[in-house]
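Structure assessment
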Amino acid sequence: MAALDEWGPASQADLGRGTGIDRSDVTAALAELESRRLVERSVDPEHRRRNIVTITPAGVQQLLELDNVIDGIQEQVLKPLTNAQRRQFIALMVKLLAAEDESSMG
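Model, not experiment: these values are computed from the prediction.

Okay, the overall build of the chain next. Assigned secondary structure in the chain consists of 5 helices and 3 strands. When the helices and strands of the chain are listed from N to C terminus, the series reads α-β-α-α-β-β-α-α. The C-alpha radius of gyration of the chain comes to 17 Å, more than 25% above the 13 Å expected for a compact globule of 106 residues. Relative to its full complement of 106 residues, the chain shows a buried share of 20%. Considering only contacts within the chain whose residues lie at least 6 apart along the sequence, 36% involve residues at least 24 apart. For the chain, the exposed surface amounts to about 8,100 Å²; the carbon and sulfur share of it is 55%. Computing the positive centroid from 12 side-chain charges and the negative centroid from 17, the chain places the two 1 Å apart.

Put into C-alpha cells, the structure is as follows:
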C-alpha cells in the first residue's frame, strides 16, 4: 500500500519489481488487500492481460494508522538515544540495508 500511495496506480508486475517482492507473493498480498477493500484491481485498457492496482481511500486511511503505530514503536525503541545518536543509528541502518540490496543483486 505504501508503494501505491507513493508511486500512484501501478501494474502488479511493476509493484513486484519496485518492491522486490516475488510475483506470486504480490498476487497473494493484493488478493488479501482487495478482499479488505484497501486496494482495487482493474484491467489496464492499453494492455488487457495486465491489472492496474490502485489504493482506495480506506487503504490510505489504513496506511496512515499504520504509520502512526510505526512512529510510536520507533519512538519507544530510539528513546534512550540522543537526536545525534538517532541520526547516526538511522544512517548506519541505511548503509546496512544498501549493502544487503547490493549483495542480493550480485
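Right, let's get into the pattern of salt bridges. For the structure on display, the rule yields 4 salt bridges. For Asp-14, the salt bridge identified is with Arg-17, shortest N-O distance 2.5 Å. Of this pair, Asp-14 and Arg-17 both sit in helix α2 (residues 12-19), 3 residues apart, which is roughly one turn of that helix. Of the charged contacts in the structure, one is a salt bridge between Glu-75 and Arg-86, with a shortest N-O distance of 3.1 Å. Highlighted residues: Glu-75 in helix α4 (residues 57-78) and Arg-86 in helix α5 (residues 83-105), separated in sequence by 11 residues.

This brings us to the sheet that holds strand β2 (residues 39-44). One open sheet holds the 3 strands; their spatial order is β1-β3-β2, and the pairing between them is antiparallel. Two strands lie at the open edges of the sheet, namely β1 (10-11) and β2, each paired on one side alone. Pairing between β1 and strand β3 (residues 47-55): 2 bridges, direction antiparallel. Residue pairing for β3: Ser-11 is matched across the bridge by Ile-52. Relative to β2, helix α3 (residues 23-35) is tilted by about 120°, and along the sheet it contacts β2 and β3.

The subject of this paragraph is the packing of α2 against α3. Contact pair α2 / α3: the axes reach a minimum separation of 9 Å and the direction vectors enclose 115°. When you trace α2 past α3, the crossing you get is right-handed. Residues Gln-12, Ala-13, Leu-15 and Gly-16 of α2 form the contact with α3, whose participating residues are Arg-23, Val-26, Thr-27 and Leu-30. Each residue belonging to the contact of α2 with α3 can be placed in one class, and the counts come to 4 nonpolar, 3 polar and 1 charged.

Positioned with a positive phi, Arg-37 is a non-glycine residue whose angle comes to about 60°. When you line up the elements, Arg-37 lands in the loop between α3 and β2.

So, about a nonpolar patch on the surface. A surface patch of nonpolar side chains, amounting to about 450 Å² of accessible area, comprises Phe-89, Ile-90, Met-93, Val-94 and Leu-96. Relative to the helices and strands, Leu-96 resides in helix α5. Of the residues examined, Leu-96 reaches a relative accessible area of 56% and is grouped as exposed.

Calculation criteria
Residues numbered from 1 in each chain as written. Predicted model: local features only at pLDDT ≥ 70, side-chain atom pairs only at ≥ 80, totals over all residues. Heavy atoms only, no water. Helix = DSSP H or I, 4+ residues; strand = E, 2+ residues; numbered from the N terminus. Rg over C-alpha atoms; globule rule 2.2 N^0.38 Å. Buried < 20%, exposed > 50% of the residue type's maximum accessible area, 1.4 Å probe, protein only. Contact = heavy atoms within 4.5 Å. Areas by Shrake-Rupley, 256 points an atom, 1.4 Å probe, with all protein chains shown as cover. Lys, Arg positive; Asp, Glu negative; His and termini not counted. Charge placed at Lys NZ, Arg CZ, Asp CG, Glu CD. Salt bridge = Lys/Arg side-chain N within 4 Å of Asp/Glu carboxyl O. Pairing = 2+ DSSP bridges. Axes fitted to C-alpha atoms, helices over the stretch in contact; angles between N-to-C directions. Left-handed = near helix turned anticlockwise from the far one by under 90°. Nonpolar A, V, L, I, M, F, W, Y, C, P; charged D, E, K, R; others polar. Patch = residues over 30% accessible without salt bridge, like charges linked within 9 Å, V, L, I, M, F, W, Y side chains within 5 Å.

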